[in-house]
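Okay, here's what each chain looks like letter by letter:
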Amino acid sequence: MKKNKRFSIWIYTLGAAFAGSLVLLVLLFWNITTEKKGTLEAAKIQAKTAYEKDIIYRRWNAAHGGVYAPVTMETKPNSHLKTFDRDIQTPSGIKLTKINPAYMTRQVHEISEKTNGIKGHITSLKPIRPENAADDWEKSALKKFEIGEKEVSSVEIIGGVSYLRFMRPLVTDSNCLKCHAVQGYKQGDIRGGISVSVPLSSLKKVEQEHMNILYMTYGLLWLIGTMGVFIGMFILNRQIKNQIKVDKMQGVLEMAGAVCHELNQLIQYRRWSLMQFYAGM
């Protein structure tokens, strides 16, 4: 009976250790999943911020009818901008060229990629500038915009590097028609989009650091919990052993008491018998 009790304790201990390990494993998996989602969400926030920044300065530029900048090796006249006042000259002889929203967007995207690795691309299914043609991923996104999608995002590999690609549409407004009316666009039409590609390498590095902390934390919790369960089992097992010894000793004492009682009864009987014998003489 006692052996069965001790065997049951081992079963309960192993069951408790397994259950605790399973709970920690589930919690670890949930934390890892949350961490990975957080990485993608952080990348998407960066992409949304870049897109919204592009929309704001494009509106500023369009509201001013374009802005002029000195002609340089980096800022050459835009051959796709067909306006009579594209190129002007200051009284002092400095040549200026008009920077429309699309040209400004391209230049900002080039600076952004050099600065923080975030790629930007203004694109359309009917681009005026051939270099603005959409790639396969962008074509798929643009077609989704035409049926009502508000944004598209996914993790893609570009040049062997992992990126979070994000895209939202460009909606035609009155300022856009100055250049794009000839393409048949009307106010409110989706005439293209801006795609943003955020490199995941730096975010993945932070994610891995957090994951390492998670592994160490849960590993330590598992070790402490498992040791606690088995230490508790050993303490309980020792108590049971001590109780068994006490029970055995108590059994021996009870048996000895019973024997003493029987002997005492026998002695009392023999004494009574002798007294009766001497009384009859």
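Everything below is about the structure shown above.
Let us look at the structure shown here. Small disclaimer: the values here were computed from a predicted structure and weren't measured.

1. Re a nonpolar patch on the surface
On the surface, Leu 220, Trp 222, Leu 223, Ile 224, Met 227, Ile 231 and Ile 235 cluster together into a nonpolar patch covering about 690 Å² of accessible area. Turning to its location among the elements, Leu 223 is positioned in helix H5 (residues 201-279). Among the residues examined, Leu 223 registers a relative accessible area of 42% and is labelled partly exposed.

2. Details of the pattern of salt bridges
On inspection of all chains with the given rule, the structure shows 10 salt bridges. Lys 98 is the salt-bridge partner of Asp 85, the closest N and O atoms lying 3.2 Å from each other. Of this pair, Asp 85 sits in the loop between strand E1 (67-70) and strand E2 (87-89) while Lys 98 sits in strand E3 (residues 95-99), and the two are 13 residues apart along the sequence. We classify Lys 98 as buried; its relative accessible area is 10%. Across the salt bridge formed by Arg 129 and Glu 131, the nearest N and O atoms sit 3.7 Å from each other. Within the structure, one salt-bridge network assembled from shared partners comprises Lys 36, Lys 204 and Glu 207.

3. Observations concerning the side chain of Ser 112
Within the fold, Ser 112 resides in helix H2 (residues 101-116). For Ser 112, the residues in contact, after removing those within four places along its chain, are Gly 117 and Ile 118.

4. Let's talk about the pairing of strand E5 (residues 152-158)
Pairing of E5 with strand E6 (residues 161-171) involves seven bridges; the strand directions are antiparallel. What sits directly across from Glu 156, in E6, is Tyr 163.

5. Comments concerning the layout of surface pockets
Taken as a whole, the second largest pocket spans an internal volume of roughly 210 Å³. Lining the second largest pocket are 15 residues, with Arg 106, His 109, Glu 110, Gly 120 and His 121 sitting closest to its centre. Going through the elements one at a time, H2, strand E4 (119-123) and strand E7 (190-199) are the ones with two or more residues in the lining of the second largest pocket. When grouped by side-chain class, the residues that make up the lining of the second largest pocket number one nonpolar, six polar and eight charged.

6. Comments concerning the pairing of E3
Most of E3 sits inside the fold, with four of its five residues counted as buried. Bridge analysis of E1 against E3 gives four bridges, and the strand direction is antiparallel. Counterpart to Pro 70 in the pairing with E3 is Leu 96. As defined by bridge partners, E2 adjoins E3 across three bridges and the pair is classed as antiparallel. Within E3, the residue paired with Ile 88 across the bridge is Leu 96. From the end of E2 to the start of E3, which pair antiparallel, there are five residues, and Gly 93 there has a positive phi angle of about 95°.

7. Side note on H2
Between the first and last C-alpha of H2 there are 22 Å, a value that for 16 residues agrees with the 22 Å anticipated at 1.5 Å per step. Looking only at H2, the buried set comprises Pro 101, Ala 102, Tyr 103, Met 104, Thr 105, Arg 106, Gln 107, His 109 and Ser 112. A positive backbone phi angle near 80° is found at Gly 117, which sits one or two residues after H2.

8. A short note on the sheet that holds E3
One open sheet accounts for three strands, arranged E1-E3-E2; its pairing is antiparallel. The open sheet terminates on both sides in strands that have one partner only, identified here as E1 and E2. Strand-to-strand twist across the sheet, computed as the mean angle between neighbouring axes with direction ignored, equals 40°.

Cut-offs applied
- Residues numbered from 1 in each chain as written.
- Predicted model: local features only at pLDDT ≥ 70, side-chain atom pairs only at ≥ 80, totals over all residues.
- Heavy atoms only, no water.
- Patch = residues over 30% accessible without salt bridge, like charges linked within 9 Å, V, L, I, M, F, W, Y side chains within 5 Å.
- Areas by Shrake-Rupley, 256 points an atom, 1.4 Å probe, with all protein chains shown as cover.
- Salt bridge = Lys/Arg side-chain N within 4 Å of Asp/Glu carboxyl O.
- Helix = DSSP H or I, 4+ residues; strand = E, 2+ residues; numbered from the N terminus.
- Buried < 20%, exposed > 50% of the residue type's maximum accessible area, 1.4 Å probe, protein only.
- Contact = heavy atoms within 4.5 Å.
- Pairing = 2+ DSSP bridges.
- 1 Å grid on protein atoms, 1.4 Å probe; cavity = no way out; pocket = protein on both sides within 12 Å on 5 of 7 lines; lining within 4 Å.
- Points joined across faces, edges and corners; volume = space filled by probe spheres on them.
- Nonpolar A, V, L, I, M, F, W, Y, C, P; charged D, E, K, R; others polar.
- Expected span 1.5 Å × (residues − 1).
- Axes fitted to C-alpha atoms, helices over the stretch in contact; angles between N-to-C directions.

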